[in-house]
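Structure at a glance
In case you want the letters, here they are:
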Amino acid sequence: MLLEKYRPKTALELIGVGSQIKQLTEFLKSWKKGTALMLTGPTGSGKTLSIKLIAKDMGLELLERYASDNRSAKAIKETIVRASHQKSLFFGKKLILIDEIDLLDSASAIIELIKTSTYPVILIASNPYDKKFLNLRKSCTILKFTKMRYDIILSFLRKICTLENIAIKDSSLDQLSKMCNGDIRAALIDLEVLRHLKNTADLGFREQEESVFET
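Note that residues are indexed from 1 along each chain, following the sequence as it is written. Residue-level local features of this predicted model are given only where pLDDT is at least 70; pairs of side-chain atoms are given and counted only at 80 or more, and the full residue set underlies all totals for whole chains, interfaces and linings. Values shown for side chains rest on all heavy atoms present in the structure; no hydrogens or waters enter the calculation.

This part takes up the pattern of salt bridges. If charged atoms from side chains of opposite charge come close, those side chains can pair. Only one rule defines a salt bridge in this text: a Lys or Arg side-chain nitrogen within 4 Å of an Asp or Glu carboxyl oxygen. Taken as a whole and judged by the stated rule, the model has eight salt bridges. Between Lys5 and Glu164 there is a salt bridge, and its shortest N-O distance comes to 2.6 Å. In this pair, Lys5 is assigned in helix 1 (residues 2-5) and Glu164 in helix 6 (residues 150-164), connecting sequence segments 159 residues apart. The classification of residues rests on relative accessible area computed with a 1.4 Å probe and restricted to protein chains. Under 20% of the type maximum is buried, over 50% is exposed, and intermediate values are partly exposed. Of the residues examined, Lys5 reaches a relative accessible area of 52% and is grouped as exposed. The shortest N-O distance in the salt bridge between Glu192 and Arg195 comes to 3.4 Å. Secondary structure elements follow DSSP: runs of H or I of four or more residues count as helices, runs of E of two or more count as strands, with numbering from the N terminus.

It is worth spelling out helix 3 (residues 47-57) at this point. Among the residues of helix 3, Lys47, Ser50, Ile51, Leu53, Ile54 and Ala55 are the ones counted as buried. Among the structural elements, helix 2 (18-29), strand 1 (36-40), strand 2 (60-66), strand 3 (93-99) and strand 4 (121-124) are those in contact with the buried residues of helix 3. Looking one or two places after helix 3, you find Gly59, whose phi comes out positive at around 70 degrees. Contact between two residues is taken to exist if any of their heavy atoms lie within 4.5 Å; hydrogens are not considered.

Another aspect to go through is the packing of helix 6 against helix 8 (residues 184-194). Running from N to C, helix 6 and helix 8 cross one another at 35 degrees; their axes reach a closest spacing of 11 Å. The way helix 6 lies across helix 8 gives a crossing that is right-handed. Here Ile153, Phe156, Leu157, Ile160 and Cys161 of helix 6 come into contact with helix 8, specifically with Ile184, Ala187, Leu188 and Leu191. Each residue gets one label: Ala, Val, Leu, Ile, Met, Phe, Trp, Tyr, Cys and Pro are nonpolar, Asp, Glu, Lys and Arg are charged, and the others, such as Gly, are polar. Classifying every residue of the contact of helix 6 with helix 8 by side-chain character gives nine nonpolar, no polar and no charged. Here an axis means a line fitted to C-alpha atoms, over the contact stretch when the element is a helix, while the angle between two N-to-C directions is reported on a 0 to 180 degree scale. For any pair of crossing helices, the crossing counts as left-handed if the nearer helix is rotated counterclockwise from the farther one by less than a right angle, and right-handed if it is rotated clockwise.

Moving on to the environment of Lys22. Position of Lys22 relative to the elements: it lies in helix 2. Residues Lys22 and Ala11, spaced 11 residues apart in sequence, show a C-alpha to C-alpha distance of 9.8 Å.

Worth remembering: the numbers are spatial, not functional.
Dropping the structure here:
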């Protein structure tokens, strides 16, 4: 599968997120207790993958949690907060990632986590400007990921077609690059399908909910 074959192995192999990678790396290198980073951006913009690859590159044990699994303040204190004080068994340091924080009943436990954690904390939110995050934002720097530019995706797909000897018209690749709506994973999946189709009309446009910034 193209999606697996061309999955980035290091942060340097990621495309279209050079600025975000730089800011993420700088945050981790200069991290101070009581501060956190909050990422936001559309699906497929590289938020989670960027964190995973940077953690791997820097030799950090990634402690990944979803707020949907620990929605209450009590549950977060019993799991995530406790884990933030435990020593890593295999690595020197940890990186705590909490995704889907929009689903939290309250941000109070996350604020406590940031204040007391002995390891860096990174959060992912769909809407970081939700009023329930008012106090949380005081401890966070917000880093925005955006939809990948169409021309970057087109160039990437052309490269793959050359490497894989895939004979597809450039006009079809151009259309596919626009149809994926900035999601490079979707583009690779569609390219895999396109190899067996006569045209791109059968793929249809991928509809994604607009972010608060675009709205």
